[in-house]
Amino acid sequence: MRLSTMFVPTRKEDPADAEVVSHKLLVRGGYIRMLARGIYSFLPLGWRSVRKIEAVVREEMNRAGAQEVHLPAVQPSELWEESGRWTDYGPELLRFEDRKGGEFCFGPTHEEVITDLVRGDIKSYKQLPLNLYQIQTKFRDEIRPRFGLMRGREFVMKDAYSFDTDLEAAESSYDAMFDAYERICNRLGFDFRAVEADTGNIGGSRSHEFQVLAETGEDEIVSCPECGYAANVERAEIGVEAGERDGAEMVEMSTVDTPEARTIEEISSFLDRPAEQIVKTLIYKTDDTKVAVLLRGDHQANPIKIADFLREKLDLEVTSLEMATDAEIKEVTNAPVGFAGPIEIDIPIVADLSVEAMSNFVVGANKADTHHVDVNHGRDFDVTAVGDLRLAGAGDTCAQCGGIFESHRGIEVGHVFLLGDKYSQSMEANYLDTNGKHQPMQMGCYGIGITRILAAVVEQNHDDDGIIWPMPIAPYQVLLTVLHTDNDDVMQAADAIYEGLKEQGVEVVMDDRDTGIGSKFKDSDLIGIPLRLTLGSRGIGNGQVEMKWRDSDEQFDVPVDEVVDRVASEVAARMEKH
RNA sequence: CGGGGCGUAGCGCAGCUUGGUAGCGCACCUGCUUUGGGAGCAGGGGGUCGCCGGUUCGAAUCCGGCCGCCCCGACCA
């Protein structure tokens, strides 16, 4: 294509509402435009890259034996009532009525639809296994969409669903998808980690997230450099810290006035004790009681681990774990928020592993503006149970090998779940086994955020001037920048090179716009096409074309009559690498 | 949903405190000159000042309501 006729509206300035680099550059480069919050249009360049990402994903899904389908975006409420998610999914589900008053939603995911489809036509073990996938627009009415394409409300996603006869077979389907996802991330040139993850409200027993490492990522993950274990901080298992106590001699407890000191920082600076010597007491609500959770001052509570722990160790009913309200905290502690403590409190007390190792620490006194110092568990209060209750972070001990975790931020571009029979049970997706008995199918589901990948690629591949596309997903492979479009010799040579490249199958776009040289170069860096050829009257005078890769500062001259072949082979070589 | 900010030309912004009928840069159009890193000169087009109501002789400006967008948090995965 010729840029002079293309819709590539570049901008000199960052959009006012953009925070992260991918959002800024994709808007400035003429790739996307916002229509409403979290809803974007894809312009010609943006859509070409989206299609290329799709192509890579499609190839790897097909290679792994999955079959492509296309399911409806609009789904009837009945299906969601069957799975129980019409109520469970909450306000993130965009619901509406048709003209007859029938209730529908715009699909945020497709477990219900696929399960319904499969149960209608799969009746025998002979028809399994089956893996179906689609590439589709989804809608999740996020409370706070942000960062452009990274957390949009409307987005394109590839979702796959596997159906197997038993758990073992389902696991091998899961592994095949896991491998496919690794291949996809590698082909897209990502620096990524596959991490163990929580299954959230999708449900299931086993789950990995594919996290692209980036400072702007919304997720925090830890990985162990020793054994390679990697997990979301919500999931990562923390090893027991050395010793039962830190060994310090117990000091007599005393009670001190701490006016207005509610937060750990305030207490820490008021008492001049580090956060590591303060224990915070959080009050959580279970279905029918309240529980005090003890954590070291500098640690973060992990509601997922806490909920699981309370279910397993304290045998409590926990449908959803919530923080107690201010009023409830007052009821339990007889003190305003900020002064809760474990001494003389009449509810179960659970402590994080790190608290067990502490001595002579600070706690709230369950009395306004008061704390106890030099408190020791076992002596001053008793803990009901101890467990791993916090978010993992850098420096924590790996439970697998004892190594020390590193932490990273990541963009979740893919997520695989082993669902088991969660949906097949509730929706009665059964098959007949070799004995003629009904069995629920064992399912897995596997998502990849296609449009989120576009943003993730930019986050990992850019410099101050613009995007630096990896070859496989660049909207075009080569940009032919023509500096003197009014010079007939130059235009003639440019046309010849352009046509020559197209004949060789190279995806080339020619900047034949009648604009200043500065804007051509600035746009070329901004748009980020991997290889730039520059042709001007000076070069044409001595039969040379300038060649420059976007990811390098070097540039070199190539004779005009050799450039087509050379470019074709170098572009092919770069495609090969992926 | 709570807190904060913003809404003026396609984009980025000033004007609002102290009411008098809208301006700057970029972009766009015309002409001439330019051409190796967002060209110069001259001329030109484009705005219900988010919407509704109120105060006033007069509202972008003051008051009230609503809507939208952004940030922080809660929520959600």
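Keep in mind it's a predicted model, so treat the numbers as computed, not measured.

A tally of helices and strands in chain A yields 16 helices and 31 strands. In terms of its C-alpha atoms, chain A occupies a principal-axis envelope of roughly 90 × 70 × 50 Å. Looking at chain A residue by residue over its 578 residues, the buried ones come to 43%.

A few words on the domain arrangement of chain A. Annotation of chain A at the domain level lists domain 1 (51-73 + 87-94 + 108-237 + 407-458), domain 2 (254-387) and domain 3 (476-576). Computed from C-alpha atoms alone, the centre-to-centre distance between domain 1 and domain 3 is 41 Å.

Glancing now at the sheet that holds strand β20 (residues 385-387). For sheets, the rule is that strands pair by backbone hydrogen bonds, running either parallel or antiparallel. The strand order across the open sheet formed by five strands is β16-β14-β15-β17-β20, and the pairing between neighbours is mixed. The sheet is open, and its two edges are formed by β16 (322-323) and β20, each paired on a single side. Against the sheet, helix α8 (residues 303-313) touches β14 (279-285), β15 (290-296), β17 (349-352) and β20, its axis set at about 135 degrees to β20. Relative to β14, helix α9 (residues 326-333) is tilted by about 110 degrees, and along the sheet it contacts β14 and β15.

The geometry of a pair of packed helices is captured by two quantities: the angle between their axes and the separation between those axes. For the pair helix α2 (residues 44-63) and helix α12 (residues 450-460), interaxial distance at closest approach is 9 Å and the crossing angle is 110 degrees. With respect to α12, the axis of α2 lies roughly perpendicular. Here α2 and α12 pass one another in a crossing that is right-handed. Contacts between α2 and α12 involve Ser-49, Val-50, Ile-53, Glu-54 and Val-57 from the former and Ile-450, Thr-451, Ile-453 and Leu-454 from the latter. In terms of residue class, the contact of α2 with α12 is made up of six nonpolar, two polar and one charged.

Rules used in this analysis
- Each chain has its residues counted from 1, running along the sequence as written.
- Ligands are numbered from 1 and chains lettered from A, in the order in which they are written.
- Per-residue local features of the predicted model are confined to residues with pLDDT of at least 70, and side-chain atom pairs are confined, for both listing and counting, to 80 or more; whole-chain, interface and lining totals are unaffected and use all residues.
- A run of H or I in DSSP becomes a helix once it reaches four residues, and a run of E becomes a strand once it reaches two; helices and strands are each numbered from the N terminus.
- Exposure is read from a count of other C-beta atoms within 10 Å of each residue's own; the residue is exposed at 12 or fewer, buried at 20 or more and partly exposed in between. C-beta atoms are placed from the backbone.
- Where each domain starts and ends follows an automatic or database-derived domain assignment.
- Any two strands with at least two DSSP-identified bridges between them are counted as paired.
- Contact definition: two residues whose C-beta atoms, as placed from backbone geometry, lie within 7 Å.
- Throughout, an axis means a line fitted to C-alpha atoms (over the contacting stretch in the case of helices), and angles, computed between N-to-C directions, take values from 0 to 180 degrees.
- Every angle not falling under 35 degrees, over 145, or within 65 to 115 is termed oblique; those three ranges are roughly parallel, roughly antiparallel and roughly perpendicular.
- Whether a crossing is left-handed or right-handed is set by the direction in which the near helix is turned from the far one by less than a right angle, anticlockwise for left-handed and clockwise for right-handed.
- Residues are grouped as follows: Ala, Val, Leu, Ile, Met, Phe, Trp, Tyr, Cys and Pro are nonpolar; Asp, Glu, Lys and Arg are charged; all remaining types, including Gly, are polar.

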